[in-house]
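Residues per chain, in single letters:
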Amino acid sequence: MGFMQQTAHHDSALAFVPFFVPPISSITRLGPTSCLWRMASDAVTRFDFLVIGGGSGGLAGARRAAELGATCAVIENNRLGGTCGGNVFHVFWKVMWNTSVHAEYLHDHADYGFEGAQAHFSWQLIKNKRDAYVSHLNQIYRNNLDKARIQTIQGNARFTDDPEPTVEVSGKKYTAPHILIATGGHPSTVSDEDVPGASLGITSDGFFELESCPRHSVLVGAGYIAVEMAGILSSLGSKTSLIIRHDGVLRNFDALISSNCTKELENSGIDLWRNTQVKSVQKTEQGLNITLGTKDVKDKDAKEKTDRIQGVDCLLWAIGREPNTAGLNLSQMGVKLDPKGCIVVDEFQNTTRQGIYALGDVCGKALLTPVAIAAGRKLAHRLFEGKAESKLDYTNIPTVVFTHPPIGTIGLTEDEAIRSWGKTSVKAYTTSFTPMYYTITSRKTKCVMKLVCVGKEEKVVGLHMQGPGCDEMLQGFAVAIKMGATKADFDNTIAIHPTSSEELVTMR
Amino acid sequence: MAAFRRGCARWQQVRFLGARAPGRTFAGTHHYDLVVIGGGSGGLACSREAAQLGQKVAVLDHVQPSARGTAWGLGGTCVNVGCIPKKLMHQAALLGVAMDDAGKFGWSIPGPVSHDWSTLAQAVQNYVKSLNWGHRVQLQDRKVKYFNTRGSLLDRHTVRGLDAKGTEMTLTARNIVIATGGRPRYPTHVPGAREFGITSDDLFWLKESPGKTLVVGASYVGLECAGLLAGIGLDASVMVRSVALRGFDQQMAQLVTGHMEARGTRFHWGCVPTSVEKLPSGLLQVKWTEVRSDLERVEREDTFSSVLWAIGRVPETTGLNLPQVGVQLHPDTGKIVVATDERTTVSNVYAIGDVAEGRPELTPTAVKAGKLLARRLAGQSNQLMDYHSVPTTVFTPLEYGCVGLSEESAESRYGKDNIEVYHAFYKPLEFTIAERDASHCYVKVVCDRAGVQRVLGLHFTGPSAGEVIQGFAVSVRCGLTYAQLRDTVGIHPTCAEELTKIHITKRSGLDATVTGC
């Protein structure tokens, strides 16, 4: 509500001249007739840079382009800041994660000498706060755009059949020599044909709308979103079941992380169903009844075992994400999509159509906010500052997963390193220890770490860790690894005592 | 040049090794390749490493009880009365803060929450005792002979040991390493200071809560002690003569103390204690002078349950008989004068850690110096300890981590016009929801202004500073430049990412407050 008012105000502030005159930051090519009333509909508004999607990557690109002197517009059909896969998503997440970390602290209070710290949790309170903070963030985005004199266009974008790439929003046409698609993605869903009753479940988007903490949650998926949500719900007191198709979670992470995270989930009391798939979902008075089929995929002779979880009040599908490309009319544009519907781009974010670029979730690669932001800025420098070689280096991008405890990872897994360098050239250093915080608590958590090194000089090509504090630990190491640090550089760095991160510079 | 000299020394050492069998033999006494005096972090690391490399090693460790009678086991300051107990109690303090925040995160805690000192102290002490035991076992495993004995030098190869029962012994060694560390200093001109005051040597071993405490001194030890006491709900005050965290970046120091003040720790700036008296009630009455200007001095007083002195540390060299055997002490600090290879003025006597002149008083530097020294003494390496770019973290309620130069030292070394300082005030997400004041959360990167803008110093106040800084220390060691820092993709949403997003220069005068993401 307040947001819409803000938009109107913004537009009028920019176009302070009569309504039919286009924004001062753009040039209007007049239509064939000069009738004023026709002009408004036939005119194509031109910008230097047109961004479809107001998520982090798109906004970052637009802002940087504007700083470099380009006239820019951002087309957004939702809240600014992106609700799907964008910044806000991660902020949502971290807030919920922090909340659940408090639950863990509360267990430790007695061990640390605090008496009387038995706590109850109010879901409503944290939801209200979180939502308030997110709308505050949206306001910041809006102000930043205003400051940068970037026009926002509200509505759904669709490419027209014009010879020159042109976008239509609410009956008005816009064009630019450079058009960026940064529409993000949305959680994948399962159809009722594939799994009867599947639509009785929600996705991570729905998770944020929950008005109370579910008593019994069932999550489906083994990716980072599933694992993060399972950890949060379980810590906040929901009985949580996690259904995974294979033997462990996070199977594309280093084996150490995959196995450790699977173990941590089980240790934290999450009811883990391996080699299991949801067969059907029924709604009953007592909640959802979920029928499961379990079969070890590695054992060909194994028979499928059927189980049922009853009285579930929240079924969450977290089985992946899909790009937001529907409705853009991309097939007509010569913009190639991969089989999953993601836009195919080269290392410079170029699509297969000249003058059209894409980045972020819509490309299905490295689904991380800072990656999209960095890619957007690099692109702006290339297009509007003449820096022909400006592109994002997609190797060595640090990633944190807010599990309990958090995971930090960068570079190659040990298996990937062996595949590209050969077994004899790869040396992995691992350690596992109980962080000092847990030496005096009854609740114990381990920290595991692995350094993957290659060659005689033992260049560090991968770092994988899970443990308390790994979220804050990784960034500095990411800088060093990107710089090409070797094991000797790690060893020659003085430790900071007593921390967990010092283990990374004292590995043997 | 240095490399040449290093090579030369190594050659001499090899020849020396070849000329004599390891260890010299005196009838009825022990003989060792290496005798280490002091079983703290540095001494233990050195002895274990040497033993691992096949040397015959003995360690002498003996803890002289503090003025209040506190004594402890093997492992030195860090394990017993330093880093380890401090960090555990700091974590208790952070839990206290977390409890205040928990309400904002939707948790309601019915009824009042209180903190029981003895539960915490007992848990900390039990853990420390397990570490004492662990060190004993490790020495045994590595075949290092351990003597719970006070050592002193008779001559350059002979160590005399005297245990608590008065039993004497003599050990001879080819090389001797002194790693006796230091102890807290008491003021000499404050009546009652030693009689009624405690130090960090006592704090973590108190059976009862110290209660309302005055901490005298704003060194990192003083601030950490006051911070952890305040965090578990005690009334804590800090008395500061001039500046806090001397030697650290002063802007950062002000943020650290500012945060403590905002969270209820009282600071008495510009104050010098004059006396401590015990009242019949058992409370301590402290009198002090507040120096408001050259002309204006105000006498003040207050009562406390405990007074903790944190006004510095004195090297533990008394009774070692060092000057008599030719080991030179620094005239001002009383520390042992050492060369780059940790050698004292007596060629087979070395000193590492807090007792050595000019070395940082930090566990990891002592550990590393000890290991490297052991390798050199065993003829396995000629690598010297590099004391540059030592990262460190102050575990105050708002942690402060840094590596490299402070802004002041960069300025004095390079000139104000030749450095570029990037900075940002940021708001950790966990502060936002908790509605905590984040005005002290700050990052600062000091760069050489010329050329590739090499990073000279990196500073961070905020949650988990120790965990944040370690990795950046590796990158600084690799020759980090500003561009490389900016080229790294941030990890969102973390505090550490602020260091990769930093772009406002101090010179520009622009507002350095981070907005949005």
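Model, not experiment: these values are computed from the prediction.

**Digging into the overall build of chain A**
In terms of helices and strands, chain A carries 12 helices and 26 strands. Each of the 508 residues in chain A was classed as buried or not, and the buried ones make up 56%. At a minimum sequence separation of 6, the contacts of chain A that also span at least 24 residues come to 62%.

**Side note on the overall build of chain B**
When helices and strands are tallied, chain B shows 16 helices and 25 strands. Over its C-alpha atoms chain B spans a radius of gyration of 25 Å, differing by no more than 12% from the 24 Å that the globule rule assigns to 517 residues. Along the first, second and third principal axes, the C-alpha atoms of chain B reach 70 × 65 × 50 Å. By residue count, 57% of the 517 residues in chain B fall in the buried class. Relative to all contacts within chain B whose residues are 6 or more apart in sequence, the contacts with residues 24 or more apart total 63%. Of the side-chain charges in chain B, 56 are positive and 48 negative, and the distance between the mean point of each set is 9 Å.

**Looking at helix α7 (residues 224-235) of chain A**
Residues and elements named next belong to chain A. Compared with the 16 Å implied by 1.5 Å per residue over 12 residues, the 16 Å span of α7 between its first and last C-alpha is a close match. A large share of α7 lies buried, amounting to 11 of its 12 residues. Taken as a whole, α7 has its buried residues at Ile225, Ala226, Val227, Glu228, Met229, Ala230, Gly231, Ile232, Leu233, Ser234 and Ser235. The first or second residue beyond α7 is Gly237, which carries a positive phi of 105°.

**Observations concerning the environment of Ile440(A)**
Locating Ile440(A) in the fold gives a position in the loop between β24 (426-433) and β25 (447-454). Judged by relative accessible area, Ile440(A) falls into the buried class, the value being 10%. Once the C-alpha coordinates of Ile440(A) and Ser212(A) are considered, the two residues, 228 residues apart in sequence, prove to be 34 Å apart. Once residues lying within four places of it in the same chain are set aside, the contact partners of Ile440(A) are Asp111(A), Tyr112(A), Leu88(B), Leu120(B), Ala123(B) and Tyr127(B).

**Things to note about unusual backbone geometry**
The peptide bond linking His404(A) to Pro405(A) adopts the cis configuration, its omega dihedral lying at -5°. For Pro405(A), the location among the structural elements is in the loop between β22 (399-401) and β23 (407-411). With omega at -10°, the peptide bond leading from His497(A) into Pro498(A) counts as cis. If you trace the backbone, Pro498(A) turns up in the segment after α12 (487-491). Phi is positive for Asn396(A), close to 55°, though the residue is something other than glycine. Tracing the chain through its elements places Asn396(A) in the loop between α9 (369-384) and β22. Of note, Asn321(B) is a non-glycine position whose phi angle comes to about 65°, a positive value.

**Some thoughts on the interface of chain A and chain B**
At the junction of the two partners, chain A supplies 82 residues and chain B supplies 85 residues. Contact between chain A and chain B buries roughly 7000 Å² in total, counting both sides, with carbon and sulfur atoms accounting for 66%. On the chain A side of the contact with chain B, Glu472(A), Gln475(A) and Ile494(A) bury the most area, a combined 11% of that side's loss. The tally of links from chain A across to chain B stands at three salt bridges. Residue Arg508(A) is joined to Glu49(B) by a salt bridge in which the shortest nitrogen-to-oxygen separation is 3.1 Å. Linking chain A to chain B there are 26 residue pairs in polar contact (both at pLDDT 80 or more). Secondary structure elements with two or more residues in the side of chain A that touches chain B: α4 (87-108), β5 (114-115), β6 (120-121), α5 (123-148), α9, α11 (470-482) and α12 of chain A. Considering every element that reaches the side of chain A that touches chain B, the biggest residue donor is α4(A), with 12 residues. Each residue belonging to the side of chain A that touches chain B can be placed in one class, and the counts come to 43 nonpolar, 24 polar and 15 charged.

**Re the confidence of the model for chain A**
Confidence in the prediction for chain A averages 87 pLDDT; 89% of positions are at 70 or higher. Low pLDDT, under 50, characterises residues 81-86 of chain A; the predicted model gives this stretch 24 contacts beyond four residues in sequence or across chains.

**Re the sheet that holds β22(A)**
Residue and element names in this part refer to chain A. Spatially, β22-β23-β26-β25-β24 is the arrangement adopted by the five strands of the open sheet, whose pairing is antiparallel. Looking at strand neighbours, the two that pair on one side only are β22 and β24, the edges of this open sheet. Each adjacent strand pair in this sheet contributes to an overall mean axis angle of 15°, direction not counted. Looking at chain direction, β23 and strand β26 (residues 459-466) are connected through five bridges and run antiparallel. Across the sheet, Gly408 pairs through a bridge with Met465, a residue of β26. Set on the sheet, helix α8 (residues 255-267) makes contact with β23, β25 and β26; between it and β26 the angle comes to about 5°. Against the sheet, α11 makes contact with β22, β23, β25 and β26, and its axis sits at roughly 175° relative to β26, the strand it touches most.

**What to know about the packing of aromatic side chains**
In the structure shown here, the tally under the stated rule is 16 aromatic pairs over all chains. Relative to Trp123(A), the ring of Phe121(A) lies with its centre 6.5 Å away and its plane at 85°, an arrangement referred to as edge-to-face. With a relative accessible area of 4%, Trp123(A) lands in the buried category. Put simply, the rings of Phe121(A), Trp123(A), Phe207(A), Phe208(A) and Trp107(B) pair up and form one aromatic cluster. The ring of Tyr32(B) carries Lys56(B) above its face, with NZ or CZ at 5.2 Å from the centroid. One Lys or Arg, Lys212(B), reaches over the ring of Phe304(B) and ends 4.9 Å from the middle of that ring.

**Some thoughts on the nonpolar core**
Phe207(A), Leu242(A), Leu451(A) and Leu463(A) are the most contacted members of the largest nonpolar core, which totals 76 residues. Sorting elements by how many residues they give to this core places α4(A) first, with nine residues. If we skip the residues at most four places from it in the chain, Leu463(A) touches Gly408(A), Thr409(A), Ile410(A), Lys450(A), Leu451(A), Leu474(A), Phe477(A), Ile481(A) and Leu504(A). By size, the runner-up hydrophobic cluster in this structure holds 58 residues, among which are Ile440(A), Val63(B), Cys225(B) and Val240(B).

The rules behind these values
Residues numbered from 1 in each chain as written. Chains lettered and ligands numbered in written order. Predicted model: local features only at pLDDT ≥ 70, side-chain atom pairs only at ≥ 80, totals over all residues. Heavy atoms only, no water. Helix = DSSP H or I, 4+ residues; strand = E, 2+ residues; numbered from the N terminus. Buried < 20%, exposed > 50% of the residue type's maximum accessible area, 1.4 Å probe, protein only. Contact = heavy atoms within 4.5 Å. Rg over C-alpha atoms; globule rule 2.2 N^0.38 Å. Lys, Arg positive; Asp, Glu negative; His and termini not counted. Charge placed at Lys NZ, Arg CZ, Asp CG, Glu CD. Expected span 1.5 Å × (residues − 1). Buried area = accessible area lost by both parts, 1.4 Å probe. Salt bridge = Lys/Arg side-chain N within 4 Å of Asp/Glu carboxyl O. Polar contact = N/O pair within 3.5 Å; in protein donor to acceptor, adjacent residues only side chain to side chain. Nonpolar A, V, L, I, M, F, W, Y, C, P; charged D, E, K, R; others polar. pLDDT = per-residue confidence, 0-100. Pairing = 2+ DSSP bridges. Axes fitted to C-alpha atoms, helices over the stretch in contact; angles between N-to-C directions. Phe/Tyr/Trp six-rings, centres within 6.5 Å; stacked < 30°, edge-to-face > 60°. Lys NZ or Arg CZ within 6 Å of the ring centre and 35° of its normal. Core = buried A, V, L, I, M, F, W, Y, C linked by side-chain atoms within 4.5 Å.

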